[in-house]
Amino acid sequence: MVKRHYNKTLAWIERKRFVLLILATVLTMVLPAFADTGSHSELIYVITLSFLFIQSTIVADVGRSNKGILRIIVISMLVVIWLKPAGYDFIYVDLVELVFIAAFFVFVTSFLIRFIVKSTSVDLNVLITSINIYLLAGIIGACLTMVLYQLYPEAYNFPAYIDQPRFVHFLYYSFITMSTVGYGDITPRIPETQTLAYILSISGQLYVAIIIAFLIGKYLMQADQKKQNKDA
């Protein structure tokens, strides 16, 4: 009985993996912003990020032989991000954590892009995945932005109400830059951060243009194929 329910749960997770992934992404983006600025915020951020790591592992379509390696990588990353909440605040632990997170989500995003390219039709999973790639790109941008802040503490201008910049502030900056809204409350000050800003801006605009054109083209090909099959 227990094994049957376990297998059903695994099958349900497999069917809903793309929906669960975008849910994990949204929770990682939203929940920490509504928490306190103290330990609760850090804990919520780590919990939601852990959920996103695990769900990303389920979605990543790697070969059976590479699944074990991917799980080891994810477990290692979970250990790293839980060090600070557990009280082990070593020097450079934040920097290592951010680099790991950015590299891992670049890896996951590559599999999501491959899933869209290989898809034969434009269905709900393809649309959800297209959105999730953009959201993960924003998280990657936030990690890279915060890495530069860790390396160059004077690299950004912050408004007076931000005493201690947190990940949610860099996440906000990343998406505002990618969407070219540019409120101007957080601004880059040095060439390194200015370069990252225009890379994020160009990448965000190009992705939206390319993915819309790609999905429309794939949808039209799908409709044309259905018409040909019907006529035949």
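Now for a quick tour of the structure. (Residues numbered from 1 in each chain as written. Predicted model: local features only at pLDDT ≥ 70, side-chain atom pairs only at ≥ 80, totals over all residues. Heavy atoms only, no water.)

Digging into the nonpolar core
Here is the rule we go by: Take the buried residues of types Ala, Val, Leu, Ile, Met, Phe, Trp, Tyr and Cys, join any two whose side-chain atoms come within 4.5 Å, and each joined set is a nonpolar core. We call a residue buried when its accessible area falls under 20% of the maximum for its residue type, exposed when it is over 50%, and partly exposed in between, using a 1.4 Å probe and counting protein chains only. The way it works is that DSSP assigns letters per residue, a run of H or I at least four long becomes a helix, a run of E at least two long becomes a strand, and they are numbered from the N terminus.
Among the nonpolar cores identified, the biggest contains 58 residues, and F53, I101, F105, I139, Y156 and F167 are the most heavily contacted of them. Of all the secondary-structure elements, those providing two or more residues to this core are α2 (17–30), α3 (39–59), α4 (64–83), α5 (93–118), α6 (124–151), α7 (167–178) and α8 (191–231). When residues in this core are grouped by element, the largest group, 14 residues, is from α6.

Here's the deal with the environment of I131
In this structure, I131 sits in helix α6. A residue is classified by how much of its surface remains accessible, and I131, at 48% relative accessible area, is partly exposed. A sequence separation of 80 residues divides I131 from I211, and the C-alpha atoms of the two residues are 9.6 Å apart.

Structural notes on the packing of α6 against α7
The condition that has to hold: For helices, the fitted axis covers only the stretch in contact; all axes are lines through C-alpha atoms, and the angles between them, taken along N-to-C directions, range from 0 to 180 degrees. Throughout this description, any angle smaller than 35 degrees is read as roughly parallel, any larger than 145 degrees as roughly antiparallel, any in the 65 to 115 degree range as roughly perpendicular, and the remainder as oblique. For any pair of crossing helices, the crossing counts as left-handed if the nearer helix is rotated counterclockwise from the farther one by less than a right angle, and right-handed if it is rotated clockwise. The contact definition used throughout considers only heavy atoms, calling two residues in contact when any of these lie within 4.5 Å. Three residue categories are used. Nonpolar comprises Ala, Val, Leu, Ile, Met, Phe, Trp, Tyr, Cys and Pro, charged comprises Asp, Glu, Lys and Arg, and polar comprises the others, including Gly.
One way to put it is that α6 packs onto α7 with a least axis distance of 8 Å and a crossing angle of 120°. Taken together, the axes of α6 and α7 are oblique relative to one another. Crossing geometry of α6 relative to α7 is assigned as right-handed. Facing Y134, L135, A137, G138, I139, G141, A142, C143, T145, M146 and Y149 of α6, the residues of α7 in contact are F167, F170, L171, Y173, S174, F175 and M178. Counted by class, the contact of α6 with α7 contains 14 nonpolar, 4 polar and no charged residues.

Here we look at the packing of α2 against α6
Following both chains from N to C, one finds α2 and α6 inclined at 30°, their axes separated by 9 Å at the closest point. Considering the angle they form, α2 stands roughly parallel to α6. α6 is crossed by α2, and the crossing has left-handed handedness. Across the interface between the two elements, F18, V19, L21, I22, T25, V26 and M29 from α2 touch N125, I128, T129, I131, N132, L135, L136 and I139 from α6. Looking at side-chain class alone, the contact of α2 with α6 contains 11 nonpolar, 4 polar and no charged residues.

The values reported here are purely geometric and, on their own, carry no functional implication.
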